[in-house]
Amino acid sequence: MGYVVAGWIIGIGGFALYAGYLLRRGRRLASHVPADRRRWMTADE
Amino acid sequence: MSEAVALTPRPPRRGRRWWSTGVVVVVLAVIAILLFSLVRGASLFVFEADEAVQQRDELGDDRFRLIGSPLDGSIVEGEFEGRSALYFSVRFGESVVDVIHTGSDPTALFQPDVPVFLEGRWQAVPDGVDRFAEGVNDGWYFASDTLRVKHDEDYRDDNQDRISEAEQGGR
Amino acid sequence: MSTRPSTGSTVTRVIGIAALIALALLLCAAFWWSEPDAQQGDAVRLFYLHVPVAILEYVAFIIAGVGSVMYLWKRSVFGDVMAHAAAEVGVVFCALTLITGSLWGRPTWGTYWDWGDVRLVTTLILLLLFVGYLALRQVPGDRHTRSKQAAIVALVALIDIPIINRSVEWWANRTLHQRSTLIEGKIEDINAFATFLGFLACGLVLSWFLVHRFRVAWLEREVATHGLERALSERRAEGAEV
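Before going into details, it helps to say that this report is about the structure given with it.

Procedures and definitions
- Residues numbered from 1 in each chain as written.
- Chains lettered and ligands numbered in written order.
- Predicted model: local features only at pLDDT ≥ 70, side-chain atom pairs only at ≥ 80, totals over all residues.
- Heavy atoms only, no water.
- Helix = DSSP H or I, 4+ residues; strand = E, 2+ residues; numbered from the N terminus.
- Contact = heavy atoms within 4.5 Å.
- Areas by Shrake-Rupley, 256 points an atom, 1.4 Å probe, with all protein chains shown as cover.
- Polar contact = N/O pair within 3.5 Å; in protein donor to acceptor, adjacent residues only side chain to side chain.
- Patch = residues over 30% accessible without salt bridge, like charges linked within 9 Å, V, L, I, M, F, W, Y side chains within 5 Å.
- Salt bridge = Lys/Arg side-chain N within 4 Å of Asp/Glu carboxyl O.
- 1 Å grid on protein atoms, 1.4 Å probe; cavity = no way out; pocket = protein on both sides within 12 Å on 5 of 7 lines; lining within 4 Å.
- Points joined across faces, edges and corners; volume = space filled by probe spheres on them.
- Nonpolar A, V, L, I, M, F, W, Y, C, P; charged D, E, K, R; others polar.
- Core = buried A, V, L, I, M, F, W, Y, C linked by side-chain atoms within 4.5 Å.
- Buried < 20%, exposed > 50% of the residue type's maximum accessible area, 1.4 Å probe, protein only.
- Pairing = 2+ DSSP bridges.
- Expected span 1.5 Å × (residues − 1).
- Buried area = accessible area lost by both parts, 1.4 Å probe.
- Axes fitted to C-alpha atoms, helices over the stretch in contact; angles between N-to-C directions.
- Parallel < 35°, antiparallel > 145°, perpendicular 65-115°, else oblique.
- Left-handed = near helix turned anticlockwise from the far one by under 90°.
- Phe/Tyr/Trp six-rings, centres within 6.5 Å; stacked < 30°, edge-to-face > 60°.

### Quick word on the overall build of chain C
A count of helices and strands for chain C gives seven helices and zero strands. For chain C, the succession of helices and strands along the chain, N to C, is α-α-α-α-α-α-α. Sequence separation of 24 or more characterises 72% of the internal contacts of chain C that already satisfy a separation of 6 or more. Summed over all atoms, the accessible surface of chain C reaches about 9900 Å², with 67% contributed by carbon and sulfur.

### A word on the side chain of H101 of chain B
Residue and element names in this part refer to chain B. Relative to the helices and strands, H101 resides in strand β5 (residues 95-101). Only 3.4 Å separates the side chain of H101 from the backbone nitrogen of G103, close enough to count as a polar contact. A polar contact is formed between the side chain of H101 and the side chain of S144, at a distance of 2.8 Å. When residues no more than four places from it in sequence are discounted, the contact partners of H101 are S84, A85, L86, F88, S144, D145, T146 and L147.

### Here we look at a nonpolar patch on the surface
All names here are of chain C. Together, I17, I21, L25, L27, W32, W33, F193, F196 and L200 make up an exposed nonpolar region whose accessible area comes to about 920 Å². Elements with a contribution of two residues or more to the nonpolar patch: α1 (10-33) and α7 (189-241). In terms of residue count, the dominant contributor to the nonpolar patch is α1 (six residues).

### Here's the deal with the layout of surface pockets
All names here are of chain C. Estimated volume of the second largest pocket: approximately 500 Å³. Along the walls of the second largest pocket sit 30 residues, with H50, V51, A54, R119 and H177 positioned nearest its centre. Residue assignment for the lining of the second largest pocket shows that the elements contributing at least two residues are α2 (47-74), α3 (77-108), α4 (118-138) and α6 (160-170). Grouping the amino acids of the lining of the second largest pocket by side-chain chemistry returns 14 nonpolar, 13 polar and three charged.

### Section: the nonpolar core
W8 of chain A together with F93, F130 and F209 of chain C are the most contacted members of the largest nonpolar core, which has 77 residues in total. Membership of the second largest hydrophobic core comes to 20 residues, among which are V99, L109, W122 and L147 of chain B.

### What about the pairing of strand β4 (residues 83-92) of chain B?
The side chains of a regular strand alternate, residue by residue, between the two faces of the sheet. Residues and elements named next belong to chain B. Examined bridge by bridge, strand β2 (residues 64-70) and β4 share two bridges and lie antiparallel to one another. Counted as the bridge partner of S69 is R91 from β4. The pairing of strand β3 (residues 76-80) with β4 spans five bridges and is classified as antiparallel. In the sheet register, G78 faces β4, and the bridge partner there is A85.

### Details of α3 of chain C
All names here are of chain C. If you check α3, its first and last C-alpha atoms are 46 Å apart, about what 32 residues at 1.5 Å a residue would give, namely 46 Å. The buried fraction of α3 amounts to 26 of the 32 residues, a majority that puts the element mostly inside the structure. N-cap assignment for α3: the residue whose side-chain oxygen lies 3.4 Å from the backbone N of F78 is S76. Of the residues trailing α3, G110 is marked for its positive phi of about 105 degrees.

### Structural notes on the interface of chain A and chain C
If you look at the interface, chain A gives 34 residues, while chain C gives 49 residues. Both sides of the chain A and chain C interface together cover about 3900 Å² of buried area, and 71% of this is carbon and sulfur. Its largest share of buried area at the contact with chain C, chain A owes to Y3, W8 and F15 of chain A, together 21% of the area lost on that side. Across the chain A-chain C interface, the total number found is two salt bridges. Note that R25 of chain A and E88 of chain C form a salt bridge whose closest N and O atoms lie 3.6 Å from each other. Along the lines of polarity and charge, the residues of the side of chain A that touches chain C split into 21 nonpolar, seven polar and six charged.

### Brief notes about the packing of α2 of chain C against α3 of chain C
All names here are of chain C. Packing of α2 against α3 brings their axes to within 7 Å, and their N-to-C directions diverge by 155 degrees. Taken together, the axes of α2 and α3 are roughly antiparallel relative to one another. As α2 packs across α3, the resulting crossing turns out to be left-handed. Residue composition of the contact of α2 with α3, grouped by class: 22 nonpolar, eight polar and two charged.

### What about α4 of chain C?
Because each turn of an α-helix spans 3.6 residues, side chains separated by three or four positions end up pointing in the same direction. Residue and element names in this part refer to chain C. Taking 1.5 Å per residue, 21 residues should reach 30 Å; α4 reaches 30 Å between its end C-alpha atoms and fits that length. Of all 21 residues making up α4, 18 are buried, and the element is well covered by its neighbours. The N-cap residue of α4 is D117: its side-chain oxygen and the backbone nitrogen of R119 are 3.0 Å apart.

### Some points on the packing of aromatic side chains
Residue and element names in this part refer to chain B. A complete count under the given rule lists 23 aromatic pairs over all chains for this structure. Note on F64 and W122: the rings are 6.4 Å apart at their centroids and 45 degrees apart in plane angle, and the pair reads as tilted. Here F64, found in strand β2, pairs with W122, found in strand β6 (residues 116-124); they are 58 residues apart in sequence, far enough to count as distant. Each of the two residues, F64 as well as W122, counts as buried. Judged by centre distance (6.5 Å) and plane angle (90 degrees), the ring pair of W122 and F142 falls under edge-to-face.

From the geometry alone we can't say anything about function, so treat these as descriptive.
Here's what the structure looks like:
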């Protein structure tokens, strides 16, 4: 069961880490682009 | 007063160019190594039990991979040359091969009728080895040091199996 | 709620919340509602994560391929950005496929990895091809040339997908990896429902990743394209104030 739990932790943890990385990268870049050029991105997640 | 601004594009930073080019080169090299290892891995010849029996003379003491399913009632724990060993026999097609496995213990899935991949070579049965239970006992055995269990693609839950057994009168 | 600029929107929030709910249900289905397998026991509980992630990895790479064709054929900027985004998300899914597969292999096969197994090694090659693709996209130089080269690499890499997928059938008896359960095998009842939930949850995660990564790639392009213009105007404005 240890391998199974490890697999799930790495799987869900990998999703969470990548999601956090995308959000941080998005926020940093969005602040450098005028609002009229990112009209489909309006607010924080 | 505004100052003149240099508009000439700057050359790309060398660090970034080297880093990314380096990654591309490393990736290509690793892919080449992997393909080589795959071809080499595949070149460790794989024989189903019936093929291994047919080609025993040609194989000599070459190392190869043997595929077969353990026979029910054949698995016996014991010792061989001072090491713990598993004695069992595998079948594929019409042929049976007797096996002495001295490598690391197999997983819990190791059981009769679940196919196994074994790595090793043909050996003549030495003096002092008792007959293989349910085996072919033809004077030869497969000396295995690596055992992998291959599970099938069907999934049945444990309870369902028990219900089926009960319906058939139990074991 | 904060209004700091980000890559989020109402659509991504809805997808994100749906993904979190589906993942929570998937965890319940995998660990509590479903039964251990008659042969594999509890190890089967990784099936509900590993298999959907593996199949959706193909989807991400195929989207990268479609974007690459759009760029090569029509010079579509949308296609180029989509290909870049999908390739990166595909790499994440592919890496997780290999890790969860290895952790499943240890208690079932008896090993994390088998160098003679075609499916395992060709999946690793697919991962490396797309890591190379991402590295190629970082090589400085003319944007069009780089996008064209990357698109060709993506299309070449896609050839690997049918090999990976069919290898377990082509070498059915000689490969350690099981044959395709979803095509050849059987999975029923609550375990089939858990598999469905796995596809739903991981599909929502994939969609969320793709939308956000697409927007990040779009913003990168905007910064690269308009950054120089803005920097120049800011410098001129600073000069005028002096």
